[in-house]
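What the coordinates show
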Amino acid sequence: MNANDFVFIGRPARVIFGNDSIRHLEREIDLVGARRALVLCTPQQRDAGEMVAQRLGARCAGLFDQAAMHVPIEAAREARETARRLGADCAVAIGGGSTIGLGKAISLESPLPIVAIPTTYAGSEMTTIFGITEGGLKKTGRDERVLPRTVIYDPQLTLGLPASMSVTSGMNAIAHAAEGFYSVNTNPVIDLMAQEGIAAFARALPVIAHAAPGDRGEALLQARRDALYGAWLCGTVLASVDMALHHKLCHTIGGSFNLPHAETHTVILPHALAYNAPAAPEAMALAAKALGGRSAPQAAYDLARDNGAPVSLRELGMKEADLDRACDQAMQNQYPNPRALERTALRQLLQDAFEGNRPD
Ligand code: NAD
């Protein structure tokens with residue numbers, strides 16, 4: 001293939017975007033050909049689950065509120081059994097990546113269409129990637145069957161996402177788009193989505209982070225709208241092209257040292273970009289422009305730090321003594337990345353991330 005040739009895969013999700021777009025839920029359930037929905041949520045978002053159940057009335061088969069981080073196999077089995085017992089013919093997942101992940105785990109074994117209503121910016125709703133944890137081990141894979149059929153993005157439903165989680169979730173999304181620029185199988189359409197998605201977060205996160213509690217002003221509503229729009233675009237990038245060093249590092253150290261998902265992405269991103277910068281100058285220029293800075297690694301760092309997000313692995317509870325082991329693990333699997341994996345430089349990357357140093 002010529003260097004400028006590319007393959008573009010468009011996945012067939014139907015996206016409904018806008019304030020109060022939750023009002024279209026019944027219509028969307030009709031359109032997937034379903035009659036009775038099992039509503040999924042976490043225990044923490046039971047109110048949101050009940051709101052959806054109430055709206056559906058007789059079309060709600062039941063509410064399953066046991067979604068949990070990393071999708072434990074036990075919860076997935078119980079949810080599948082509940083759906084079968086109640087005669088549900090679709091699942092409505094309202095929440096973040098964990099709840100949408102539970103919906104995916106159900107549809108992996110039962111042909112239930114998923115209607116996803118994301119309330120964070122993680123982007124799982126756009127991807128065919130699933131993860132299930134069994135016996136402490138998280139197995140991830142890709143399967144077209146788990147892709148939600150319909151996604152309802154309603155910014156009003158994100159107003160309650162705490163500012164700190166909004167910033168780290170937004171940085172998690174920015175990481176998908178930033179790695180899209182230098183992905184081994186990127187394409188011009190993905191570049192556009194990645195630029196637009198990052199720019200939307202660069203506008204939105206400072207407004208969300210600095211809003212007064214209870215603020216419902218026009219600027220904040222616009223910022224919530226921008227952020228959710230960014231989540232859709234960045235999630236589409238994650239779904240469409242292969243990720244590289246940043247995602248592999250987060251997966252490795254997040255899993256091995258039990259670090260929180262979005263926060264780990266937030267801390268690692270500036271350092272992964274700094275590592276790749278010499279080998280991917282065009283990608284860095286696009287990322288810097290979208291972030292509104294001169295250097296992509298520094299602009300990513302500043303966006304996190306200035307909006308109250310953690311910038312060091314130390315803050316996340318990682319131990320300095322574990323950095324060597326983390327480096328060994330990161331060196332184990334080779335995968336396409338703009339810059340080859342070099343042990344000394346990778347170990348330095350981890351040290352910088354541990355200490356929270358601003359990239360040069
Ligand atoms: P999460 O879904 O684990 O949510 C964290 C907590 O925030 C939960 O208690 C949740 O109920 C709560 N919450 C969510 N939205 C809220 C809101 N608007 N207001 C108040 N509370 C709210 O967090 P996440 O970062 O969205 O997802 C992380 C998980 O998703 C990880 O396990 C990650 O591996 C997975 N993930 C998967 C993909 C994929 O493509 N498969 C993509 C991204 C993330």
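Residues numbered from 1 in each chain as written. Predicted model: local features only at pLDDT ≥ 70, side-chain atom pairs only at ≥ 80, totals over all residues. Heavy atoms only, no water.

Attention now moves to the overall build of the chain. When helices and strands are tallied, the chain shows 13 helices and eight strands. Against the 2.2 N^0.38 benchmark of 21 Å for 360 residues, the chain shows a C-alpha radius of gyration of 20 Å, consistent with a compact globule. With the principal axes as the frame, the chain shows a C-alpha extent of 60 × 45 × 45 Å. With 360 residues in all, the chain has 57% of them scored as buried. Considering only contacts within the chain whose residues lie at least 6 apart along the sequence, 75% involve residues at least 24 apart. For the chain, the exposed area adds up to about 15300 Å²; of that, 51% sits on carbon and sulfur atoms. For the chain, the separation between the mean place of its 34 positive charges and that of its 38 negative charges on side chains is 4 Å. (Helix = DSSP H or I, 4+ residues; strand = E, 2+ residues; numbered from the N terminus. Rg over C-alpha atoms; globule rule 2.2 N^0.38 Å. Buried < 20%, exposed > 50% of the residue type's maximum accessible area, 1.4 Å probe, protein only. Contact = heavy atoms within 4.5 Å. Areas by Shrake-Rupley, 256 points an atom, 1.4 Å probe, with all protein chains shown as cover. Lys, Arg positive; Asp, Glu negative; His and termini not counted. Charge placed at Lys NZ, Arg CZ, Asp CG, Glu CD.)

Here we come to the layout of surface pockets. By volume, the second largest pocket is sized at about 540 Å³. Among the elements of the structure, helix 6 (188–209), helix 7 (218–240) and helix 10 (281–291) are those that each provide at least two residues to the lining of the second largest pocket. Here the lining of the second largest pocket takes three residues from helix 10, the largest share from any one element. When the residues that make up the lining of the second largest pocket are grouped by side-chain class, the tally is 15 nonpolar, six polar and six charged. (1 Å grid on protein atoms, 1.4 Å probe; cavity = no way out; pocket = protein on both sides within 12 Å on 5 of 7 lines; lining within 4 Å. Points joined across faces, edges and corners; volume = space filled by probe spheres on them. Nonpolar A, V, L, I, M, F, W, Y, C, P; charged D, E, K, R; others polar.)

This part is about the site of the ligand. Taken together, 22 residues sit near the ligand, with Thr 42, Ser 98, Thr 119, Thr 120 and Thr 127 positioned nearest. With respect to the ligand, the side chain of Lys 138 contributes an N or O atom lying 3.1 Å from an oxygen atom. Protein chains shield 83% of the accessible area of the ligand, which is 860 Å² for the free molecule. Per-element tally for the shell around the ligand: the top contributor is helix 4 (residues 97–109), with three residues. In the shell around the ligand, the residues fall into seven nonpolar, 13 polar and two charged. (Near = heavy atom within 4 Å. Polar contact = N/O pair within 3.5 Å; in protein donor to acceptor, adjacent residues only side chain to side chain.)

Our next topic: the nonpolar core. Formed by 77 residues in total, the largest nonpolar core has its most connected members in Leu 102, Tyr 121, Met 171, Ile 174 and Phe 201. Among all residues touching Leu 102, those that are not within four sequence positions of it are Leu 40, Phe 64, Ala 67, Val 71, Ala 75, Ala 76 and Ala 79. Leu 245, Ile 268, Leu 341 and Phe 354 belong to the second-largest nonpolar core, a separate cluster that totals 26 residues. (Core = buried A, V, L, I, M, F, W, Y, C linked by side-chain atoms within 4.5 Å.)

The next thing to look at is the packing of helix 5 (residues 163–181) against helix 7. Put simply, helix 5 and helix 7 touch, their axes get as near as 8 Å, and they point 40° apart. One way to sum up the angle between helix 5 and helix 7 is to call them oblique. Here helix 5 runs over helix 7; the crossing is left-handed. In this structure, helix 5 uses Ser 166, Ala 173, Ile 174, His 176, Ala 177 and Gly 180 to contact helix 7, whose residues at the interface are Arg 224, Cys 234, Val 237 and Leu 238. Split into classes, the residues belonging to the contact of helix 5 with helix 7 amount to six nonpolar, three polar and one charged. (Axes fitted to C-alpha atoms, helices over the stretch in contact; angles between N-to-C directions. Parallel < 35°, antiparallel > 145°, perpendicular 65-115°, else oblique. Left-handed = near helix turned anticlockwise from the far one by under 90°.)

Looking now at the side chain of Ser 98. Of note, Ser 98 is situated in helix 4. Not counting chain neighbours up to four residues away, the residues in contact with Ser 98 comprise Ala 67, Ala 68, Met 69, His 70 and Val 71.

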